[in-house]
Amino acid sequence: MPGGPMAAPADAESRKDLMGLTRDELVREMESLGEKRFRADQIFNWIYFRGVTGFEDMTDISKPLRARLAETYRIGRPEIVTAQVSADGTRKWLLRLSDGNEVETVFIPEPGRGTLCVSSQVGCTLTCSFCHTGTQAWVRNLTAAEIAGQVMMARDELGEWPTPSDDRRITNVVLMGMGEPLFNYDHVKAAVDLCKDEKGLNFSRRRITLSTSGIVPEIRRAGAEMQVMLAISLHAARDALRDELVPVNRRWPIRELLAACRDYPSLSNARRITFEYVMLKGVNDSDADARELLRVLEGIPSKINLIPFNPWPGSRYETSDPGRVQRFGEIIRNAGIMATIRRPRGSDIAAACGQLKSQSERIPAYKRRGETKGDRAGA
Ligand code: SAH
Ligand code: SF4
């Protein structure tokens, strides 16, 4: 905080950021100052349980040590460029990272729960044809500090420190913002570990969901090492169509993807895999598509989340009619599989799934697809 005797030195950037360090890294850092393990535990508690951003607030640490820490370290937060609130209460933050890149984080309040949708990359290397992020030139992976930093920032903004034991506003964290989390495995894993730490941010692994377009080897690894809930962006039950919508399907086709899902640890009726299915008019929304979906998911504890397509400037698809989405959902439910229809949230602030895109680089979708401006009709 500015002011006080321990205010940040002018060249704040030369100080090492403690944000994003794992517990063990923090212990090593304190050892390098000649401090013992309990010092790292104290600091971990101040950062991740109490949410403080200045060493002067760490009142159980001696003043001289606090001053020394403040000279050596900082506790960073992503810089908030804009904070928008939708008429429905959804919030969206545009964040600027230390290198000037930008990402978005979204908070979706619902009765009895509040979901924070976090980004894992600036842009995405994949090019799903219905996704706005996919039109963005690839930029870079987020660090663990930048991923966990989004949760910390949202806790700051919603006044949720120290970590509440119950009655939370942010009850769930979903890695469903910009980027493919499993292409940034190590940093995502480190951030998930910070979110799960019971003495820190303290989110149960059942309240953290990782959404992936289907990176099969990393799904298996995540099952062994992270044990979070899984959401699969399936969107089509036939390879020919999925190749077009989610091009990474050419590398890991539906059969291999679903085999990894079947093997995901500790699945049960209470712990199901969510299959996301974007409803694209006339593309993947027929009764036959619904039946095909049921057929391929046979035997996997699943729930299906139907997402009405969220259009963006230059997108080539249309949203399925509400009646069509209802009927599709009915076919699934009649077969005894849970199907929910995602209500569009935050549409007035473009906060919905697939609409996130950093301001860093905006290139029109037609350029990305290598077309010229005239030939975009149809699709
Ligand atoms: N890369 C990961 C997570 C981010 S995308 C993934 O693909 O799963 C989060 C979800 O939004 C995915 O299910 C994605 O397919 C979906 N999505 C992308 N663009 C969309 C759009 N325009 N309308 C509706 N859903 C979209
Ligand atoms: Fe990337 Fe997911 Fe968008 Fe596909 S849907 S381009 S994987 S962010």
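Quick caveat: nothing in here was measured; it's all calculated off a predicted structure. (Residues numbered from 1 in each chain as written. Chains lettered and ligands numbered in written order. Predicted model: local features only at pLDDT ≥ 70, side-chain atom pairs only at ≥ 80, totals over all residues. Heavy atoms only, no water.)

Q: What is the right way to look at the overall build of the chain in this model?
A: Of the regular secondary structure elements, the chain holds 11 helices and 14 strands. The contacts of the chain with a sequence gap of at least 6 include a subset with a gap of at least 24, amounting to 66%. When the accessible surface of the chain is split by element, carbon and sulfur atoms take 49% of a total near 16,500 Å². (Helix = DSSP H or I, 4+ residues; strand = E, 2+ residues; numbered from the N terminus. Contact = heavy atoms within 4.5 Å. Areas by Shrake-Rupley, 256 points an atom, 1.4 Å probe, with all protein chains shown as cover.)

Q: When you look at the environment of Thr-59 in this model, what are you seeing that I'm missing?
A: Structurally, Thr-59 is set in the loop between helix 2 (37-49) and helix 3 (63-72). With 13 residues separating them in the primary sequence, Thr-59 and Trp-46 have C-alpha atoms 9.5 Å apart. Not counting residues within four places of it along the chain, the set of residues in contact with Thr-59 comprises Trp-46 and Arg-66.

Q: Whenever I open this one, the packing of aromatic side chains confuses me. Can you help?
A: Centre-to-centre distance and the angle between the planes together describe a pair of aromatic rings. Counted according to the given criterion, the structure contains three aromatic pairs. Both rings, one in Phe-309 and one in Tyr-317, keep their centres 6.0 Å apart while their planes meet at 80°; by these two values the pair is edge-to-face. A relative accessible area of 7% means that Tyr-317 is categorised as buried. (Phe/Tyr/Trp six-rings, centres within 6.5 Å; stacked < 30°, edge-to-face > 60°. Buried < 20%, exposed > 50% of the residue type's maximum accessible area, 1.4 Å probe, protein only.)

Q: What's the story with the environment of Leu-21 in this structure? I'm lost.
A: Within the secondary structure layout, Leu-21 lies in the loop between strand 1 (16-17) and helix 1 (23-32). Using a relative accessible area of 12% as the deciding quantity, one classes Leu-21 as buried. It is 9.3 Å that separates the C-alpha atoms of Leu-21 and Phe-44, two residues lying 23 residues apart in sequence. The residues touching Leu-21, leaving out its near neighbours within four places in the chain, are Leu-26, Glu-29, Tyr-48 and Leu-194.

Q: What should I look at first to understand the site of ligand 1 in this one?
A: Around ligand 1, a shell composed of 19 residues is seen, among which Phe-130, Gly-179, Ser-211, Ser-233 and His-235 lie nearest. At a separation of 3.5 Å, an oxygen atom of ligand 1 approaches a polar backbone atom of Thr-212. The contact in question runs from an oxygen atom of ligand 1 to an N or O atom on the side chain of His-235, over 2.6 Å. Calculation on ligand 1 without its partners gives an accessible area of 530 Å², and the protein chains cover 96% of this total. (Near = heavy atom within 4 Å. Polar contact = N/O pair within 3.5 Å; in protein donor to acceptor, adjacent residues only side chain to side chain.)

Q: Would you take a moment to explain unusual backbone geometry for this structure?
A: Only a minority of non-glycine residues have a phi that is not negative, and only a minority of peptide bonds are not trans. In this structure, Pro-162 follows Trp-161 across a cis peptide bond, with omega equal to -15°. Residue position: Pro-162 is located in the loop between helix 4 (144-157) and strand 9 (172-175). Positive phi, normally seen in glycine, also occurs at Gln-227, with a value near 55°. Relative to the assigned elements, Gln-227 resides in the loop between helix 6 (216-225) and strand 11 (229-233). A relative accessible area of 29% means that Gln-227 is categorised as partly exposed. Of note, the phi angle at His-235 is positive, near 70°, even though the residue is not glycine. Take His-235: it is sitting in the loop between strand 11 and helix 7 (239-245).

Q: How should I be thinking about the sheet that holds strand 6 (residues 113-117) in this particular structure?
A: Hydrogen bonds between backbone groups are what pair the strands of a sheet, and the pairing can be parallel or antiparallel. The sheet built from 10 strands is open, its strands ordered 3-4-5-6-9-10-11-12-13-14 with mixed pairing. In this open sheet, the two strands that pair with only one neighbour each are strand 3 (79-85) and strand 14 (338-341). Going across the sheet, the axis of each strand differs from the next one's by a mean of 20°, ignoring polarity. In terms of strand pairing, strand 13 (residues 302-308) meets strand 14 through four bridges, oriented parallel. Bridge assignment links Ile-304 to a residue of strand 14, and that residue is Ala-339. Where helix 10 (residues 322-334) meets the sheet, it contacts strand 12 (273-279), strand 13 and strand 14, and its direction lies at approximately 165° from that of strand 14. (Pairing = 2+ DSSP bridges. Axes fitted to C-alpha atoms, helices over the stretch in contact; angles between N-to-C directions.)

Q: Can you help me understand the site of ligand 2 in this one?
A: As a structural note, the neighbourhood of ligand 2 is formed by Cys-124, Leu-126, Cys-128, Cys-131, Gly-134, Gly-179 and Ser-213. Considered class by class, the residues forming the shell around ligand 2 number four nonpolar, three polar and no charged. (Nonpolar A, V, L, I, M, F, W, Y, C, P; charged D, E, K, R; others polar.)

Q: So what exactly am I meant to see when it comes to empty space enclosed by the protein here?
A: Using the criterion set out here, one finds four cavities of 30 Å³ or more in the structure. Approximately 50 Å³ is the volume found for the second largest cavity. The wall of the second largest cavity is formed by Val-118, Ile-147, Val-151, Val-173, Leu-175, Ala-191, Val-192, Cys-195 and Ile-208. At the level of elements, helix 4, strand 9 and helix 5 (185-196) are the ones that each hand at least two residues to the lining of the second largest cavity. Among the elements that make up the lining of the second largest cavity, the one with the highest residue count is helix 5 (three residues). The residue makeup of the lining of the second largest cavity, split by class, is nine nonpolar, no polar and no charged. (1 Å grid on protein atoms, 1.4 Å probe; cavity = no way out; pocket = protein on both sides within 12 Å on 5 of 7 lines; lining within 4 Å. Points joined across faces, edges and corners; volume = space filled by probe spheres on them.)

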